[in-house]
Amino acid sequence: EADIYQTPRYLVIGTGKKITLECSQTMGHDKMYWYQQDPGMELHLIHYSYGVNSTEKGDLSSESTVSRIRTEHFPLTLESARPSHTSQYLCASKLPGDGNEQYFGPGTRLTVT
Amino acid sequence: QKEVEQDPGPLSVPEGAIVSLNCTYSNSAFQYFMWYRQYSRKGPELLMYTYSSGNKEDGRFTAQVDKSSKYISLFIRDSQPSDSATYLCASSSGGSYIPTFGRGTSLIVHP
């Protein structure tokens, strides 16, 4: 079983606040991902990283930023939260090798009021 | 057209039924196929992973890939109420580390 952690699990915050969603994995995986998912809807890739100091934007335009200073840590930051950012944010990492099996964290459910 | 299409359901079945969940894809380069189970308000959990065509079985679950028709299936035997969840299929091509996900099918197994 994959060990990938996200904090906080739930967050309610006011408009304009800066927030950082934490994601950590203990498996030494190089590749990590952030997805956004609204209830009943599909996953949208917002950022990914193939290793330390490597970050790329995904398919979904996002006002968030990420950093990858350590292999195990991949935080996502919103500089100024807006109600449109209300969603579930899922972090994932990938096993080494050619396959694409991803392991997901439990998610952070963000509500911006 | 999305690269991976999946009927959102819901699919409602009685306990003990055989469940068939399906996806179609359009990208001929896809070689890796995954099925995830996602319970409400949780992260997706990897269920099955297959490479290229063929079948793979794991307990009550069987994943099937037909590359000629670009069709992916997940069969669940002896379905249980605890199988009630959303099932997402995902596919990717060799050399790409970014899978394409379907939007998921909601499954309800009622006692």
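Every chain is numbered independently, its residues counted from 1 as its sequence is written. Both sets of labels track the order of writing: A upward for chains, 1 upward for ligands. At least 70 in pLDDT is required for a residue's local features to be given in this predicted model, at least 80 for side-chain atom pairs to be given and counted, and no such filter applies to totals for whole chains, interfaces and linings, which use all residues. Each side-chain value is worked out from all heavy atoms of the structure, with water and hydrogens disregarded.

## Quick word on the sheet that holds strand 3 (residues 19-25) of chain A
All names here are of chain A. Note on pairing: two strands pair once DSSP finds at least 2 bridges between them. Secondary structure elements follow DSSP: runs of H or I no shorter than four residues count as helices, runs of E no shorter than two count as strands, and numbering proceeds from the N terminus. Spatial ordering of the open sheet is given by 1-3-8-7, a layout of four strands whose pairing is antiparallel. At either margin of the open sheet sits one strand with a lone partner, and together these are strand 1 (4-7) and strand 7 (64-66). Taking each pair of neighbouring strands and ignoring which way they run, the sheet shows an average axis angle of 15°. Sheet topology note: the strand 3/strand 8 (residues 76-78) ladder contains three bridges and is antiparallel. Bridge pairing links T20 to T77 in strand 8. Whenever a helix is involved, its axis is fitted only over the stretch in contact; in every case the axis is a line through C-alpha atoms, and angles between N-to-C directions fall within 0 to 180 degrees.

## Describing the state of the cysteines
A pair of cysteine sulfur atoms is labelled a disulfide when the two atoms are within 2.5 Å. Under the definition given, this model contains two disulfides over all chains. A disulfide bridge connects A:C23 with A:C91, and the sulfur atoms are separated by 1.9 Å. With the S-S bond torsion at -75°, the cross-link from A:C23 to A:C91 turns out left-handed. Of the two residues, A:C23 is situated in strand 3 and A:C91 in strand 9 (residues 87-94); the sequence distance between them amounts to 68 residues. Across the pair, A:C91 and A:C23 agree in class, each one buried. One disulfide in the model links B:C23 with B:C89; its S-S distance is 1.9 Å. Its S-S torsion of approximately -105° makes the covalent link between B:C23 and B:C89 left-handed. With B:C23 in strand 3 (residues 19-25) and B:C89 in strand 9 (residues 85-93), this pair connects stretches of sequence that are 66 residues apart. Comparing B:C23 with B:C89 shows no difference in burial state: the two are buried. Accessible area is worked out with a 1.4 Å probe on protein chains only. A residue is then buried under 20% of its type maximum, exposed over 50%, and partly exposed in between.

## Digging into the interface of chain B and chain A
Contacts are residue-level and defined by heavy atoms, with any inter-residue pair within 4.5 Å sufficient. Residue-level contacts link 21 residues of chain B with 26 residues of chain A. Buried area is understood as the total, over both parts, of accessible area removed when two parts are fitted together, assessed with a 1.4 Å probe. Around 2,000 Å² of area is buried between chain B and chain A when both sides are counted, 55% of it from carbon and sulfur atoms. Counted as salt bridges are all cases of a side-chain nitrogen of Lys or Arg within 4 Å of a carboxyl oxygen of Asp or Glu. The interface formed by chain B and chain A contains one salt bridge. The residue A:E42 makes a salt bridge to B:K2 at a minimum N-O spacing of 3.3 Å.

## Notes on the sheet that holds strand 3 of chain B
All names here are of chain B. Reading across from one edge, 1-3-8-7-6 is the order of the five strands in this open sheet, with antiparallel pairing throughout. Edge positions in the sheet fall to strand 1 (4-5) and strand 6 (54-58), since each has one partner strand and no second. With five bridges joining them, strand 6 and strand 7 (residues 61-66) adopt antiparallel strand pairing. Looking across to strand 7, one finds that K56 is bridged to A63.

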